[in-house]
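# Residue-level structure breakdown
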Amino acid sequence: MPILTEHRSLANGVEIPVLGFGTWQIPDGDDAYDAVSAALEVGYRHIDTARAYGNEASVARAIADSGIARDDIFLTTKLPAEVKSYDGALKSFETTMDALGMDHVDLYLIHAPWPWNEQGADYRSGNAEAWRAMTEIQQSGRARAIGVSNFEVADLEALASSSDVIPQVNQIRFFVGNTQDAVTRYCRENGILVEAYSPLATGSILDDEDVQAIAGQYDRTVAQLCIRYALQKDTVPLPKTTNADRMRENADIDFEISGDDMATLDAIRDDKRD
Ligand code: A2P
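Now for a quick tour of the structure. Values in this document were obtained by computation on a predicted structure and should not be read as measured data.

### Observations regarding the overall build of the protein
When helices and strands are tallied, the protein shows 10 helices and 10 strands. A globule of 274 residues ought to have a C-alpha radius of gyration of about 19 Å, and the protein, at 18 Å, matches this closely. Evaluated residue by residue, the protein yields a buried proportion of 54% over its 274 residues. Partitioning the contacts of the protein with sequence separation of at least 6, the portion at a separation of at least 24 is 73%. Carbon and sulfur atoms form 43% of the exposed surface of the protein, whose accessible area is close to 11700 Å². Both charge centroids of the protein, one from 24 positive and one from 46 negative side chains, sit 1 Å from each other.

See below:
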């Protein structure tokens, strides 16, 4: 599956595999260990976790036991959304590194612009503080790239006014019908790579009849069409599954969606999944 060996360059030159493996909602312990082990066995080399997922240690153990060179794996983790201070960010990073048992991560992200129970609240100064810590972590070499997640244009603009360091990545919820055009445009114009989490709308898109009809024209599954769509929209998709056959299916996307079909998919607006 050629897609698993393809890379793109982040703005700072770090190479990132174009398809990742998401671990959100995979419980810690055997579930996360087995899923990541299977994903590595299938050929995924880009794994996405977070302190908040609670599974960093199991993810790291699967990587260590895989026999694959650490440098051949791209690992992302995230600063918990509620940590909005410089000291707190440095401290949380140490906790993460202890859990991982590694000397570096490939990408470290601020998980969200606000704590999850205060969505939309103004944390501009807290984000600037956390970001200052992230830039120092990057300078120290313990995070090869840094970025944010769930940031909208106003959040990115606020960060840009507080620091000379532009995030290399913004990881957002992105799928057919939820393409977040304003923030993806801002990211494209500012050299920020967009990663797509929940590219299958956490599974709820799979029974969409309009999407099924287009997938059928290509003799592909809805999952394959949606992941391919996210790639052709210039994002790095991070599909999640605990099933090894589906891991293979999700990476078997060596086909091209036509311009007309991309436009049809672009026009789908599915508020029920927003
Ligand atoms: P499972 O883990 O049981 O395979 P998202 O990546 O948008 O968060 O979607 C994840 C959801 O989609 C999970 O419920 C996962 O279930 C399911 N899923 C992932 N890949 C496939 C696939 N190829 N076919 C069907 N369901 C899938």
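### Some details on the sheet that holds strand β10 (residues 235–238)
Adjacent strands of a sheet form backbone hydrogen bonds with each other and so pair up, either parallel or antiparallel. Across the sheet, 8 strands lie side by side as β3-β4-β5-β6-β7-β8-β9-β10; this open sheet has parallel pairing. Either end of the sheet is taken by a strand with one partner, and the two such strands are β3 (21–22) and β10. Here helix α8 (residues 222–232) sits on the sheet in contact with β9 (193–197) and β10, set at roughly 150° to β10.

### Topic: the side chain of Gln138
If you trace the backbone, Gln138 turns up in helix α4 (residues 124–139). Gln138 gets classed as buried once you look at its relative accessible area, which sits at 19%. Within the structure, Gln138 has its side chain in polar contact with the backbone oxygen of Arg144 (distance 3.2 Å). When neighbours within four sequence positions are excluded, Gln138 is seen to be in contact with Asn12, Ala143, Arg144, Ala145, Ile146, Val165 and Gln168.

### Description of the pattern of salt bridges
When the charged atoms of two side chains lie near each other, side chains of opposite charge can form a pair. A full pass over the atoms with the stated rule returns 13 salt bridges. One salt bridge connects Asp48 with Lys78, and the closest N-O pair in it is separated by 2.6 Å. Within this pair, whereas Asp48 is found in strand β4 (residues 46–48), its partner Lys78 is found in strand β5 (residues 74–79), the two being separated by 30 residues in sequence. Take Asp48: its relative accessible area is 2%, and that puts it in the buried class. Note that Lys233 and Asp266 form a salt bridge whose closest N and O atoms lie 3.0 Å from each other.

### Focus: the pairing of strand β6 (residues 105–110)
As a general feature of sheets, a regular strand has side chains that alternate between the two faces. Most of β6 is tucked away: 6 of the 6 residues are buried. Across 4 bridges, β5 lies against β6 in parallel orientation. Looking at the pairing, Thr77 lines up with Tyr108 of β6. The β-α-β motif built from β5, the intervening helix α3 (residues 86–100) and the parallel element β6 has right-handed crossover chirality. Of the pairings in the sheet, the one linking β6 to strand β7 (residues 143–149) comprises 5 bridges and is parallel in character.

### Some details on unusual backbone geometry
Despite not being glycine, Gln180 has its phi angle at roughly 45°, a positive value. Here Gln180 lies in the loop between β8 (169–173) and α6 (181–189). Given the relative accessible area of 26%, Gln180 is considered partly exposed. You will see that Ser198, though not glycine, has its phi angle at about 55°, which is positive. By the element assignment, Ser198 lies in the loop between β9 and α7 (209–217). Taking the relative accessible area as the measure of exposure, Ser198 reaches 9% and is therefore buried.

### Re the packing of aromatic side chains
Evaluated as defined, the whole model comprises 5 aromatic pairs. With centroids separated by 6.2 Å and ring planes inclined at 80°, the aromatic side chains of Trp24 and Tyr197 adopt a geometry described as edge-to-face. With Trp24 in the loop between β3 and α1 (30–42) and Tyr197 in strand β9, this residue pair connects regions lying 173 residues apart in the sequence. On the basis of relative accessibility, which here comes to 36%, the residue Trp24 falls in the partly exposed class. Judged by its relative accessible area of 16%, Tyr197 is buried. Considering the side-chain rings of Tyr218 and Phe255, the 5.7 Å spacing of their centres and the 50° angle between planes classify their relative orientation as tilted. Highlighted residues: Tyr218 in the loop between α7 and α8 and Phe255 in the loop between α9 (244–251) and α10 (259–267), separated in sequence by 37 residues. Residue class for Phe255 comes out buried when judged on its relative accessible area of 11%.

Definitions and cut-offs
- Residues numbered from 1 in each chain as written.
- Predicted model: local features only at pLDDT ≥ 70, side-chain atom pairs only at ≥ 80, totals over all residues.
- Heavy atoms only, no water.
- Helix = DSSP H or I, 4+ residues; strand = E, 2+ residues; numbered from the N terminus.
- Rg over C-alpha atoms; globule rule 2.2 N^0.38 Å.
- Buried < 20%, exposed > 50% of the residue type's maximum accessible area, 1.4 Å probe, protein only.
- Contact = heavy atoms within 4.5 Å.
- Areas by Shrake-Rupley, 256 points an atom, 1.4 Å probe, with all protein chains shown as cover.
- Lys, Arg positive; Asp, Glu negative; His and termini not counted.
- Charge placed at Lys NZ, Arg CZ, Asp CG, Glu CD.
- Pairing = 2+ DSSP bridges.
- Axes fitted to C-alpha atoms, helices over the stretch in contact; angles between N-to-C directions.
- Polar contact = N/O pair within 3.5 Å; in protein donor to acceptor, adjacent residues only side chain to side chain.
- Salt bridge = Lys/Arg side-chain N within 4 Å of Asp/Glu carboxyl O.
- Right-handed = clockwise from strand over helix to strand, strands pointing away.
- Phe/Tyr/Trp six-rings, centres within 6.5 Å; stacked < 30°, edge-to-face > 60°.

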